[in-house]
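A structural walkthrough
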Amino acid sequence: MSRIKAILGRLNPFVPRYRSSLDKKIARYNQTRIVRDTRLLCHAPFSNLYFNTEGDVALCWQTFHRAEKYTENKSIKEIWNSPNFNRIREGIKNHQLEYGCQTCRNHLLENNFTNILAKAYDNDFPKTDYPSIIEFELSNTCNLACTMCNGMLSSVIRRDREKLPPLKSPYGDKFLNELREFIPHLHEARFNGGEPFLIKLYYKIWDMVFELNPDLKMVIATNGTVLNDKVKEYLSRGNFHFNISMDGATARTYERIRINGSFEKLMQNFQFFLRYCKDHQRTLCIMVNPLRQNWQEMPLFVNFVNRYNIHIWFNTIVKPAEQALWSLPASKLQEIYTSLAEAPLDAFSGGDKAIYNYNITTYNNLVHQQIKTWLLQAREREQQQDAIIIRDEDSTKQKALSKIAAYLQDRDQDKKLTFQRIRETEQLMDDALHEDFFRILLDSNPETILDYSRKYSASELKDIFIRHIRH
């Protein structure tokens, strides 16, 4: 039987290979999917392109560590057909997720099937020589300065908090001209920010869509605060759908997180978007970032969306670590878990029962899967707090940590801080990057490592490291 499977595997790259527990997890995950074609664990590499503000291009937003670079010397088509992206595609076909897809791999192993990003790309669009979905994150122009955001996604933060010059966009006339070839092949386009309704380039793209593919589904990830006559005029011409970010169910919480935002204005605009979507049979989803500042309001969000018969989605927040839930002590995570698990939710009172059930399931996944997993991981971290476990004494990791420990041997507080920051940063990174991470630590001055540990959070250190290996 094993020989037959091996022969079939060579003939058909989609035949599952039950080599490990991962394959069993994938089989269970596939039972939760509604897409017809489950031969592919993830459709993103075969159907999606994601452009970010720096000119990096990935197959999804969690694979930017394997990105291509859009430049004047490289076309969109060359990027789509790059050997780098083809390597990720081959990995997906063969259930080998180590090269670019470690985040979804971790969710699979944790049985967190709801938060697997691959599910956002489940589609039955025909696989052609062109992507069927493009995600645009082309500018950081924004009117808010949310506490968990950064200058790459908010021009206000970049100017006022980070004191940096405006971002230089790599997307000009060449990009728009190349895009004309791709728009007719699209089944969906997703526009992120910044704030999409403040990004001038998007209006040029929308004009091209009206011309070349007027029925194209366009999903706007908006903070919901920008609504003027120009926006309304464009909405009247296109097939727009909305994901509205709303990180506070009360005015006090919302305005503490979404700096410069007005909860009253958001609620007024929400009513417009709600009527628009119902009148035109469009989708509307409330997107929530569970944070230390707002976790108590998660049940309120569920009751809110169920009242209006719309969907909710809880993002998985990893950074900044100092605002995320995962990095809290186990005692605090236990408090959060218990509180949310026992919180009463409003009973079904009309509307679409399927939407109600979806929202309840999404909430239960946040509590009983995601937060519970973080709780268990926090307990494990604390059990190892006083010891760094290394299996291979000759590894780069051992050498780097031994060097740092020797330098800080008489400085207990500095040593504890530095090792804690190293552990936190390592946990944020994909497995494939660990060797490079510790190689850089080994080559670095221990005093510099200590200085960085004092200045930066783990998420910021991860970003610094990623930029370092790219350049």
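Up top you'll find the structure we're talking about.
Here is a short report on the structure shown in this document. From a predicted model like this one, the values you see are computed outputs, not experimental measurements.

**A word on the side chain of Ser-327**
Considering the arrangement of structural elements, one finds Ser-327 in the loop between strand 9 (311-314) and helix 14 (330-342). Reaching out from Ser-327, the side chain makes a polar contact with the backbone oxygen of Ala-321 at a distance of 2.4 Å. In contact with Ser-327, other than residues within four places in its own chain, are Arg-292, Ala-321 and Arg-381.

**Details of the pattern of salt bridges**
Inspection of the entire model under this criterion finds 23 salt bridges. Glu-90 is the salt-bridge partner of Lys-93, the closest N and O atoms lying 3.4 Å from each other. With Lys-93 and Glu-90 both in helix 5 (residues 83-93), this residue pair falls three residues apart, about one helical turn. Lys-93 sits in the buried class, given a relative accessible area of 19%. Here Asp-463 makes a salt bridge to Lys-319, at a shortest N to O gap of 2.6 Å. Of this pair, Asp-463 sits in helix 20 (residues 458-470) while Lys-319 sits in the loop between strand 9 and helix 14; the two residues are 144 residues apart in sequence, bridging distant segments of the chain. One continuous salt-bridge network, built from bridges that share partners, spans Glu-135, Glu-188 and Arg-190.

**Structural notes on the pairing of strand 7 (residues 239-245)**
Looking along a regular strand, one sees the side chains alternate between the two faces of the sheet. Here strand 7 lies mainly inside the structure; six of its seven residues are buried. With six bridges connecting them, strand 6 (residues 217-222) and strand 7 associate as parallel partners. Bridge pairing links Thr-222 to Ile-244 in strand 7. Crossover strand 6 to strand 7 through helix 10 (residues 229-235) is right-handed.

**Brief notes about helix 6 (residues 102-109)**
Residues of helix 6 that are buried: Gln-102, Cys-104, Arg-105, His-107 and Leu-108. Each element contacted by the buried residues of helix 6 is listed here: helix 2 (21-30) and helix 15 (353-383). Looking one or two residues beyond helix 6, the residue adopting positive phi is Asn-111, at roughly 65°.

**Re unusual backbone geometry**
The linkage connecting Gly-193 with the following residue, Gly-194, adopts the cis geometry, with an omega of 10°. The residue Gly-194 is located in the loop between strand 5 (188-191) and helix 9 (200-212) in this model. That bond from Lys-319 to Pro-320 is cis: its omega, 0°, falls within 30 degrees of zero. Looking at the element boundaries, Pro-320 is found in the loop between strand 9 and helix 14. The backbone phi angle of Asn-111 is positive, close to 65°, even though this residue is not glycine. With respect to the helices and strands, Asn-111 occurs in the loop between helix 6 and strand 4 (133-136). Positive phi values are uncommon outside glycine, yet Lys-163 reaches one of about 55°. The exposed category is assigned to Lys-163, whose relative accessible area is 65%.

**Some words on the packing of helix 17 (residues 412-428) against helix 19 (residues 446-455)**
In contact at an axis separation of 9 Å, helix 17 and helix 19 are set at 75° when each is read in the N-to-C sense. Judged by the inter-axis angle, helix 17 sits roughly perpendicular to helix 19. Together, Asp-414, Leu-417, Thr-418 and Arg-421 of helix 17 and Ile-449, Leu-450, Ser-453 and Arg-454 of helix 19 make up the contact between the two elements.

**Details of the nonpolar core**
Residues Phe-136, Phe-197, Ile-205, Trp-206 and Phe-242 are the most contacted members of the largest nonpolar core, which totals 117 residues. Ranked by residues supplied to this core, first place goes to helix 15 with nine residues. In this view, Phe-136 contacts Phe-51, Phe-175, Leu-179, Ala-189, Arg-190, Phe-191, Asn-192, Tyr-202 and Ile-205; residues no more than four positions away in its chain are not counted. Ranked by size, the runner-up nonpolar core spans 17 residues in total, among them Ala-400, Phe-419, Ile-449 and Leu-450.

How each quantity is defined
Residues numbered from 1 in each chain as written. Predicted model: local features only at pLDDT ≥ 70, side-chain atom pairs only at ≥ 80, totals over all residues. Heavy atoms only, no water. Helix = DSSP H or I, 4+ residues; strand = E, 2+ residues; numbered from the N terminus. Polar contact = N/O pair within 3.5 Å; in protein donor to acceptor, adjacent residues only side chain to side chain. Contact = heavy atoms within 4.5 Å. Salt bridge = Lys/Arg side-chain N within 4 Å of Asp/Glu carboxyl O. Buried < 20%, exposed > 50% of the residue type's maximum accessible area, 1.4 Å probe, protein only. Pairing = 2+ DSSP bridges. Right-handed = clockwise from strand over helix to strand, strands pointing away. Axes fitted to C-alpha atoms, helices over the stretch in contact; angles between N-to-C directions. Parallel < 35°, antiparallel > 145°, perpendicular 65-115°, else oblique. Core = buried A, V, L, I, M, F, W, Y, C linked by side-chain atoms within 4.5 Å.

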